[in-house]
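Close look at the chain arrangement
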Amino acid sequence: MNGTATTSAAAPAALVIEDDSPSGVARARDATRTFARGLDPALEAEAAETLTLVVSELATNAVRHGGGSYTLRLDATAESVHVAVSDPSASPPRERAPDLSGGTGGFGWHMIRRLTDSLTTAPGPGQGKTIYARLNRRHAEEGGAATAQLSW
C-alpha cells in the first residue's frame with residue numbers, strides 16, 4: 001500500500017500517507033517533520049516535534065490496535081494543524097493503565113489527549129474509524145493548555 005501524496009492549491013497544503021507496516025510509522029514521522037518545516041510560517045521546533053509525536057502515536061496505535069494499516073492526513077490553516085488517522089477497526093481507542101515494568105505500552109493515548117487541543121473519533125471510512133486531532137498554532141492567550149507550554 002505505502003503511498004504518499006502532497007497537494008496544494010489555493011487551500012493550505014495537505015499531506016496524505018497510506019501504510020500497512022510498522023516501518024511506515026517512521027516514514028510518517030519523517031513526512032510530518034517535512035510537512036511542519038514547509039508550513040508558512042513554519043512551526044517552532046518544539047511544536048513540530050509535538051506534532052510529530054502525536055502523529056507517531058496515532059499511526060503506531062493504528063498499526064498495533066486498529067487493524068494493521070492506516071491513512072494519515074495532515075493539513076494546516078493559519079490557526080491550527082489538523083491530523084486525521086483512519087484505520088480499518090471500528091473499535092474506539094481505549095485508555096489503559098500504562099505498563100511501568102512490562103514494556104507493553106499504555107502511554108500513547110494519554111499523551112495524545114494531553115498534547116492536542118481537540119481530539120475526536122468518528123466512524124468511517126467503511127467499517128473503520130478516523131481519529132481527528134487539532135493542535136492550535138496560536139499562543140496561550142488564544143489557545144489551549146498544550147499551546148501555552150509549546151509556544152506554537
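A brief structural summary. Note that the coordinates shown come from a computational prediction; the quantities given were computed from them, not determined experimentally.

Time to look at the side chain of R137. Summarising the element assignment, R137 is placed in the loop between strand 6 (129-136) and helix 4 (145-150). Despite its burial, R137 pairs with no opposite charge, the nearest such side chain being D40 at 6.9 Å. One polar contact links the side chain of R137 to the main-chain carbonyl oxygen of P41, over a distance of 2.2 Å.

Moving on to the pattern of salt bridges. One pass over the structure, following the stated rule, counts five salt bridges. The partner of R33 in a salt bridge is E49, and the shortest N-O contact between them spans 3.1 Å. Of this pair, R33 sits in helix 1 (residues 23-38) while E49 sits in helix 2 (residues 45-65), placing them 16 residues apart in sequence. Judged by its relative accessible area of 27%, R33 falls in the partly exposed class. On the basis of relative accessibility, which here comes to 40%, the residue E49 falls in the partly exposed class. In this structure, the salt-bridge partner of K129 is D87, at a minimum N-O distance of 2.9 Å. Highlighted residues: K129 in strand 6 and D87 in strand 4 (residues 80-87), separated in sequence by 42 residues. The same class applies to K129 as to D87, namely buried. Salt bridges sharing common partners tie together D30, R33 and E49.

What counts as what
- Residues numbered from 1 in each chain as written.
- Predicted model: local features only at pLDDT ≥ 70, side-chain atom pairs only at ≥ 80, totals over all residues.
- Heavy atoms only, no water.
- Helix = DSSP H or I, 4+ residues; strand = E, 2+ residues; numbered from the N terminus.
- Buried < 20%, exposed > 50% of the residue type's maximum accessible area, 1.4 Å probe, protein only.
- Lys, Arg positive; Asp, Glu negative; His and termini not counted.
- Salt bridge = Lys/Arg side-chain N within 4 Å of Asp/Glu carboxyl O.
- Polar contact = N/O pair within 3.5 Å; in protein donor to acceptor, adjacent residues only side chain to side chain.

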